[in-house]
Structure formats: structure tokens, C-alpha cells
Amino acid sequence: MLNLLTETTTIQDLHTFGGHPGKFWPAFLAFACRQAGAKLCVLFNKKSGPWQPLYQWPTNRRRRSFSKPLLAKLRALAEKCLQQGWASTPIKASSEMMALGLTLDETEAGHSRVVIFFVKATASVNVDDILSRLNLIADAPAVYQRQRSARQAQKDLGFFAGVLDLMLLLNAENRFLAAAMTLVNEAAARYQCARVSLGWCDNDYVHLQAISHMERFEGKMDMVTCLEVAMEEALDQDEEILLPTVEVTGAVSREHEKYAKKQQVEHLISLPLRCTDEPVGVLTCERQETPFTDGDVRSLRILNDQVSCRLAELKERDCWFGAKLKDGIYKQVSGLLGVEHTLTKLVGLLTCALLFFAIIVKLL
């Protein structure tokens, strides 16, 4: 599959393009520009508002800023193309350049796309000839999108198959720590991670439960303490945290950055585990060389969604009787006393009841 733009790109290469849409469109526009013999072409997109320019070719020049009158003319041309398939208009009355627009086959529901080419308006230019060549490639983006969706569906099937295999291993375990070790070891192997760690929430704090390929560790180790603080950062925000950051998400990642710097970790991701929509733990994966791809993140989300409730069930089952009794009372009275500081409120209420009982007994 083609992932790089070359001068010898063909229509078949565009159909089987294996890269991100952000790389496909420049490749497509470069090919279309050559077919039209144009100096410049711009992709316009419309969803609900006005037509907006998305990409242009060549990309090695400064992004062209259209004047308001020209932008209005190009938007009107794009709208006309949408109605009749193609249209053209002179750029200026005194100019030898004209704008030639072509509607692309639908690539995404709710979106309309038109490519506008800037070509010379001379007697030697045959518009019909240009359009006949461009019509042959008008479906290339739609074909690329269908191929990309098919590849993504195949990847998703692979993700689900891998998760089901791992669930079989987890379901075979009857103890929480054994299941936790299975999870981190299998995740480290399947995602080529240097280290995978599982933290679990207990009384609003995250405690490290398992580290891949490490049977024992000291809770007071600097690495463990620093990692638990980073995990709490993800759990408190109930957000995924990925380093290095590839897009602005609004999530605070200060503690993750500290941990990565101390441990000299190049690539790091923490994902909250949720059971019945409540965050119960955090899975943190570390790599040294290869960054986490969108596919890796999607697969880890699927994994977390499937294993979190099973782990929560085992964790509750492994609790000693006193802890189970405390949790049972906590759940019963949380509705009455509110979801915040339930235990503190309960202790206060019991203290008041005991004082009241002591006063009554003394009076009697």
C-alpha cells in the first residue's frame, strides 16, 4: 500500500493508499493537478456551514489566503459544481486564469467536496478534455475511504479476537492478583511494551497492584510512588493521558511527565478502567522506541472495557470479611448520606447516636 507521495503516483496507488487522510488529500490533489495541467488546486468542503478550503496543492508554498471577493466567488463556484457536477468562472476579467471546479463522489456522509483548479484560460486549453480526465479520478477519494474503512474493520476484528483470547485467560483465574498479573504480562507481550502496570482505586487513592514480569515490588519504591501519583492524575480526570502529546485534549499530564522523565520513558499511555461507568483502576503502558498508534489506543480501550468488570468482581471476592461488611454498609447508606465523604458522615452519625444514648442512660 502506498504511504508516500511520489511523482509517479497512479490512480491505482490512490485507491490503495494506506496512509492517513491528512496525507491522502495532498497526494490526490497533486495527481489531480497534473491531470488538469493546473498551477494550483484547492479542496473545498461543506458540511453545515459555508464552503471552507481544507487542502491545497502545491503545499510547499505559503498557504494561499484568498481575498474576500475571490473567496466568495470560489464558494459560489463550489455551490454551482454541487448542483451540476462541474463549473468554471474567470478569476478576473483582465486575468488569463480561470477557476475550474469538479464535484467529488461522496466520501463521508453529510460532507460535500469540490476541487477547484486554477488553469490558464487560453485558446489552447480544452476544458472538455480536462474534465474527461478529471472525471476518471473523481471517485478516487470515495474508493480510498471504502478501502480504509474495510481495513479498519479488519483491524477491529483482530482487536476483538485478541481481547477474547485474553478474557479466556482472565476467566480461568479465580484470584485478583493472579488475574492482574496475567493482564499486565499479556498486554506487555501483545503491545510490545517495556512495562505494563495496573493500579486499583481504594479510598480515593490508587495502589499499584501488578507490574509486568515483576512478581514482587516494594510499595515504598520511588518508581512505585511516582507511578501511583501519575495514575491518580488519570483517574481523577477520568481521562486517557498519552505522552508525548499528539493533540490538545485538555487533560493535565504534569505527573506523567515527571514520571516519564525520572524513568526515562519515551512513550507512555494511561487508560482508566471503568466498571458500571465508574473509574476503578488505571492501566499504564510504557514503550521506549515505538509510539502508540491510533490502533493501539483503540485496542487498549476495547481491552479495558472488557476486563474491568471481571477484575472488579475478583477484587471484591478477594476482600476479607471486614472489608466486605464495610463496603456493604457504605453502599447501603451512600444513597441516604450522599456520595461524598459517606464514611465520615456515617461515623459522625453513629457518634451522635452513641452520645444521645449515653445521655439518655445517665438521665435514667
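Residues numbered from 1 in each chain as written. Predicted model: local features only at pLDDT ≥ 70, side-chain atom pairs only at ≥ 80, totals over all residues. Heavy atoms only, no water.

Draft legend 1. View of unusual backbone geometry. Geometrically, the link from Trp 57 to Pro 58 is a cis peptide bond, its omega value of 5° lying close to zero. Secondary-structure assignment places Pro 58 in the loop between β2 (52–57) and α3 (68–84). Phi at Asp 204 is positive, roughly 70°, even though this residue is not glycine. Here Asp 204 is to be found in the loop between β6 (195–202) and β7 (205–211). For Asp 204, a relative accessible area of 66% corresponds to the exposed category. (Helix = DSSP H or I, 4+ residues; strand = E, 2+ residues; numbered from the N terminus. Buried < 20%, exposed > 50% of the residue type's maximum accessible area, 1.4 Å probe, protein only.)

Draft legend 2. Broad picture of the sheet that holds β2. Read across the sheet, 5 strands follow the order β2-β1-β5-β4-β3 without closing on themselves; strand pairing throughout is antiparallel. The two strands at the open ends of the sheet, each matched to only one other strand, are β2 and β3 (86–90). Sheet twist, expressed as the average angle between the axes of neighbouring strands with direction ignored, equals 25°. With 5 bridges connecting them, β3 and strand β4 (residues 97–103) associate as antiparallel partners. (Pairing = 2+ DSSP bridges. Axes fitted to C-alpha atoms, helices over the stretch in contact; angles between N-to-C directions.)

Draft legend 3. The arrangement of helix α4 (residues 127–135) in detail. Listed as buried for α4 are Ile 130, Leu 131 and Leu 134. Take α4 and look down its axis: the buried residues cluster within an arc of 95°, on one side only. Structurally, α4 contributes buried residues whose contacts are with α2 (21–36), β3, β4 and β5 (112–120). The N-cap of α4, judged by a side-chain oxygen 3.0 Å from the amide nitrogen of Asp 128 a few residues on, is Asn 126. (Arc of directions from axis to C-beta. Contact = heavy atoms within 4.5 Å. Polar contact = N/O pair within 3.5 Å; in protein donor to acceptor, adjacent residues only side chain to side chain.)

Draft legend 4. Here's a closer look at the packing of aromatic side chains. Under the definition given, this model contains 8 aromatic pairs. Ring centres 5.8 Å apart and planes at 75° place the aromatic pair Phe 17 and Phe 24 in the edge-to-face group. Overall, Phe 17 belongs to the buried group, its relative accessible area being 1%. Among the residues examined, Phe 24 registers a relative accessible area of 0% and is labelled buried. Measuring from centroid to centroid gives 4.0 Å for Phe 24 and Tyr 144, while their planes differ by 5°, and the two rings are stacked. Taken as a pair, Phe 24 in helix α2 and Tyr 144 in helix α5 (residues 140–171) lie far apart in primary sequence, 120 residues in all. Residue Phe 24 shares its accessibility class with Tyr 144, and that shared class is buried. In textbook terms, an aromatic cluster arises when at least three aromatic residues are bridged by ring pairs, as seen for Phe 17, Phe 24, Trp 25, Phe 28 and Tyr 144. (Phe/Tyr/Trp six-rings, centres within 6.5 Å; stacked < 30°, edge-to-face > 60°.)

Draft legend 5. Local environment of α5. Here α5 is 32 residues long and its end C-alpha atoms lie 46 Å apart, about the 46 Å a rise of 1.5 Å per residue gives. If you check which residues of α5 are buried, you get Ala 140, Pro 141, Ala 142, Val 143, Tyr 144, Asp 156, Phe 159, Gly 162, Val 163, Leu 166, Met 167 and Leu 170. Of the surrounding elements, those touching the buried residues of α5 are α1 (11–15), α2, α6 (176–190) and α9 (294–318). (Expected span 1.5 Å × (residues − 1).)

Draft legend 6. View of the nonpolar core. With 35 residues, the main nonpolar core has Leu 183, Leu 198, Leu 283, Leu 303 and Leu 311 as its most contacted residues. Of all the elements in the fold, those that place two or more residues in this core are α5, α6, β6, β9 (267–275), β10 (278–287) and α9. Leu 183 has contacts with Leu 166, Leu 170, Leu 198, Leu 283, Leu 303, Val 307 and Leu 311, leaving out every residue within four places of it along the chain. Ranked by size, the runner-up nonpolar core spans 28 residues in total, among them Ala 27, Leu 29, Leu 131 and Tyr 144. (Core = buried A, V, L, I, M, F, W, Y, C linked by side-chain atoms within 4.5 Å.)

Draft legend 7. Structural context of the packing of α5 against α6. Two elements in contact, α5 and α6, have axes whose closest approach is 10 Å; the angle formed by their N-to-C orientations is 150°. One way to sum up the angle between α5 and α6 is to call them roughly antiparallel. Read as a crossing pair, α5 and α6 show a hand that is right-handed. Along the contact surface, α5 presents Gly 162, Asp 165, Leu 166, Leu 169 and Leu 170, while α6 presents Ala 179, Thr 182, Leu 183, Glu 186 and Arg 190. The class makeup of the residues in the contact of α5 with α6 is 5 nonpolar, 2 polar and 3 charged. (Parallel < 35°, antiparallel > 145°, perpendicular 65-115°, else oblique. Left-handed = near helix turned anticlockwise from the far one by under 90°. Nonpolar A, V, L, I, M, F, W, Y, C, P; charged D, E, K, R; others polar.)

Shape is all these values report; function is a separate question.
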